[in-house]
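Fold and contact review
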Amino acid sequence: MHDELELLKNELQHVRGTLPSHIDVDTEGLEQGLAQLVLTLVEFLRQLLERQAVRRMEGGSLSDEEVERVGLALMKLEEKVHELADQFGLRPSDLNINLGPLGDLL
């Protein structure tokens, strides 16, 4: 456990070293960047919920009606995320965050 914490600490220090010390805020790109971040987080949560629903479905803990409702809700949420992304000039592939040495979020 201690070794894992030490490895995580080293990785975080490495990531901190790659971040700029000064951030130049572009007011025109600020709105798009914020939208990208929020939509990425919503998409991440949607994918987590989808995986959980699949596990529950495979485990038999959801009725057919619940499977149908969850599936429709997740599908509508995905459509809405893509619609909002399009309004901000973002592609679905833009809804990802590179976590450096940890890889991509999605």
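Some points on the overall build of the protein chain
- The secondary structure content of the protein chain amounts to three helices and zero strands.
- When its helices and strands are written in sequence order, the protein chain yields α-α-α.
- Across the 106 residues that make up the protein chain, the buried fraction comes to 13%.
- Considering only residue pairs separated by 6 or more positions, the protein chain has 69% of its internal contacts joining residues 24 or more positions apart.
- A total accessible area of about 8500 Å² is found for the protein chain, and carbon and sulfur atoms account for 57% of it.

A word on the pattern of salt bridges
- The full count for this structure, using the stated rule, is six salt bridges.
- Taken together, the salt bridges that share partners define one network made up of E43, R46, E50 and E78.

A look at the confidence of the model for the protein chain
- Across the protein chain, pLDDT averages 83, with 85% of residues at or above 70.
- The secondary structure element of the protein chain with the lowest average pLDDT is helix α1 (residues 2-18), at 72, and the one with the highest is helix α3 (residues 64-87), at 92.

Remarks on the nonpolar core
- Of all hydrophobic cores here, the largest spans five residues; its members are L39, V81, A85, L90 and L95.
- Residues in contact with A85, not counting those within four places in the same chain, are L39, L90 and L95.

A few points about the environment of Q47
- Tracing the sequence through the fold places Q47 in helix α2 (residues 27-59).
- Judged by relative accessible area, which is 18%, Q47 ranks as buried.
- Separated by 27 residues in the primary sequence, Q47 and L74 have C-alpha atoms spaced 8.7 Å apart.

Quick notes on the rules
- Residues numbered from 1 in each chain as written.
- Predicted model: local features only at pLDDT ≥ 70, side-chain atom pairs only at ≥ 80, totals over all residues.
- Heavy atoms only, no water.
- Helix = DSSP H or I, 4+ residues; strand = E, 2+ residues; numbered from the N terminus.
- Buried < 20%, exposed > 50% of the residue type's maximum accessible area, 1.4 Å probe, protein only.
- Contact = heavy atoms within 4.5 Å.
- Areas by Shrake-Rupley, 256 points an atom, 1.4 Å probe, with all protein chains shown as cover.
- Salt bridge = Lys/Arg side-chain N within 4 Å of Asp/Glu carboxyl O.
- pLDDT = per-residue confidence, 0-100.
- Core = buried A, V, L, I, M, F, W, Y, C linked by side-chain atoms within 4.5 Å.

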